[in-house]
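Each chain is listed here by its residues.
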Amino acid sequence: MIPADALNKIRSVTIHIYDDCIRGFSFFDKDGALLWKIGGTWSELEKETVLLKENEVIVGVVAKLWENN
């Protein structure tokens, strides 16, 4: 679980993607310092970054589970 003291410091989230599936997340503060990461965050993965304004917070993530057949 993300450290409680990091919650109000998050200003950007990088979503790490491979084969149209989310593999992991990296959370950064306003200066770009890494606060926390979870899942696959390898450098070779495709990335999308979301910037948060001062008055915005992350409430949750909704995603469909990958079915490994």
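Scroll up for the structure.
Trainee: Go over the overall build of the protein, please, and point to the residues and values.
Mentor: In terms of regular secondary structure, the protein is built from zero helices and four strands. Listing every helix and strand of the protein by position from the N terminus yields β-β-β-β. Taken along its principal axes, the extent of the C-alpha atoms in the protein is 40 × 25 × 20 Å. When the 69 residues of the protein are sorted by exposure, 30% land in the buried category. A sequence separation of at least 24 residues applies to 45% of the contacts in the protein between residues at least 6 apart. Per element, the accessible surface of the protein, about 5,700 Å² overall, is 54% carbon and sulfur. Across the protein, the 8 positively charged side chains and the 11 negatively charged ones have centroids separated by 4 Å.

Trainee: Tell me about the sheet that holds strand S4 (residues 46–51), and name the residues and values.
Mentor: Strand order in this open sheet of four strands is S3-S2-S1-S4, and the pairing throughout is antiparallel. Sheet topology places strand S3 (34–39) and S4 at the edges, where each strand pairs with a single neighbour. Within this sheet the neighbouring strands show an average axis-to-axis angle of 20°, counted without direction. Both strand S1 (residues 12–18) and S4 contribute to a ladder of six bridges, which runs antiparallel. Across the sheet, residue valine 13 finds its bridge partner in S4, namely valine 50.

Trainee: Which residues make up the pairing of S3, and what are the values?
Mentor: Pairing analysis gives five bridges linking strand S2 (residues 21–28) to S3, with the strands arranged antiparallel. Bridge pairing links phenylalanine 25 to isoleucine 38 in S3.

Conventions used here
Residues numbered from 1 in each chain as written. Predicted model: local features only at pLDDT ≥ 70, side-chain atom pairs only at ≥ 80, totals over all residues. Heavy atoms only, no water. Helix = DSSP H or I, 4+ residues; strand = E, 2+ residues; numbered from the N terminus. Buried < 20%, exposed > 50% of the residue type's maximum accessible area, 1.4 Å probe, protein only. Contact = heavy atoms within 4.5 Å. Areas by Shrake-Rupley, 256 points an atom, 1.4 Å probe, with all protein chains shown as cover. Lys, Arg positive; Asp, Glu negative; His and termini not counted. Charge placed at Lys NZ, Arg CZ, Asp CG, Glu CD. Pairing = 2+ DSSP bridges. Axes fitted to C-alpha atoms, helices over the stretch in contact; angles between N-to-C directions.

Everything listed here is a matter of coordinates, which is why it stays silent on function.
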